[in-house]
Amino acid sequence: MARTQAEYRERRRFQRHLVNARVMLVHGSIGELVGRTRDISDSGVFVEISPVPRLPHGAHIKMHMLDSRMPGIAFNMKVARTTQDGLGLMFIDYEVEGQRFSMDTLRKQFAK
């Protein structure tokens, strides 16, 4: 029996927030592509992009939040799912000026 989208949402560990922000995705096989976030949670983001790049699940990709107040951050992401509208990406960690940090480090900065 197929599940409804509402049933999938119930199983989500982190609440989704609707955010429409421009992002740049960077990967060796696709170059640089600009898309828009549809929603963001503590664990990941869904990026609407057309055409949807063909990347395998588990592929690592960089994401830059172009409208962010901290545009120098490069998020290291992993492809979690692909749909006809875009990519579901999971946060791995992030980089600033060549140094890598855990996502917990970023969360702590915003909790202050």
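Our structure is the block above this text.
Note that this is a predicted model, so its numbers are computed, not measured.

1. What to know about the side chain of Asn76
Link 1 in the chain: Position of Asn76 relative to the elements: it lies in strand E6 (residues 74-82).
Link 2 in the chain: Residue Asn76 is classed as buried on the basis of its relative accessible area of 7%.
Link 3 in the chain: Side chain to side chain, Asn76 and Lys62 meet in a polar contact 2.6 Å long.
Link 4 in the chain: One polar contact links Asn76 to Glu95, side chain to side chain, over a distance of 3.0 Å.
Link 5 in the chain: Not counting the four nearest positions on each side in its chain, Asn76 is found in contact with Ile61, Lys62, Met90, Phe91, Ile92, Asp93, Tyr94, Glu95 and Arg100.

2. Some remarks on the pattern of salt bridges
Oppositely charged side chains are able to pair whenever their charged atoms sit close together.
Link 1 in the chain: All told, the structure shown has five salt bridges when counted by the stated rule.
Link 2 in the chain: Measuring nitrogen to oxygen at the nearest pair gives 3.2 Å for the salt bridge that ties Arg22 to Asp67. Taken together, the residues Arg22 in strand E2 (residues 22-27) and Asp67 in the loop between strand E5 (60-65) and E6 connect sequence positions 45 residues apart.
Link 3 in the chain: When its relative accessible area of 44% is taken as the criterion, Asp67 is described as partly exposed.
Link 4 in the chain: In this structure, the salt-bridge partner of Arg100 is Asp93, at a minimum N-O distance of 3.1 Å.
Link 5 in the chain: Since its relative accessible area comes to 52%, Arg100 is described here as exposed.
Link 6 in the chain: With relative accessibility at 14%, the residue Asp93 sits in the buried group.

3. Concerning unusual backbone geometry
Negative phi values dominate among residues other than glycine, just as trans dominates among peptide bonds.
Link 1 in the chain: Residue Pro51 is reached from Ser50 by a cis peptide bond, and omega for that bond is -5°.
Link 2 in the chain: Position of Pro51 among the secondary structure elements: in the loop between strand E4 (44-48) and E5.
Link 3 in the chain: Positioned with a positive phi, Glu97 is a non-glycine residue whose angle comes to about 50°.
Link 4 in the chain: If you trace the backbone, Glu97 turns up in the loop between strand E7 (86-96) and strand E8 (99-102).
Link 5 in the chain: In this structure Glu97 comes out as exposed when scored by relative accessible area, which is 79%.

4. Overview of the environment of Val47
Link 1 in the chain: Topologically, Val47 is positioned in strand E4.
Link 2 in the chain: Separated by 22 residues in sequence, Val47 and Leu25 place their C-alpha atoms 9.2 Å apart.
Link 3 in the chain: Residue contacts for Val47: discarding those within four places in its chain leaves Val23, Leu25, Gly35, Arg36, Thr37, Met63, Asp85, Gly86, Leu87 and Leu89.

Thresholds, definitions, all that
- Residues numbered from 1 in each chain as written.
- Predicted model: local features only at pLDDT ≥ 70, side-chain atom pairs only at ≥ 80, totals over all residues.
- Heavy atoms only, no water.
- Helix = DSSP H or I, 4+ residues; strand = E, 2+ residues; numbered from the N terminus.
- Buried < 20%, exposed > 50% of the residue type's maximum accessible area, 1.4 Å probe, protein only.
- Polar contact = N/O pair within 3.5 Å; in protein donor to acceptor, adjacent residues only side chain to side chain.
- Contact = heavy atoms within 4.5 Å.
- Salt bridge = Lys/Arg side-chain N within 4 Å of Asp/Glu carboxyl O.

Geometric descriptors of this kind do not, in isolation, establish any biological role.
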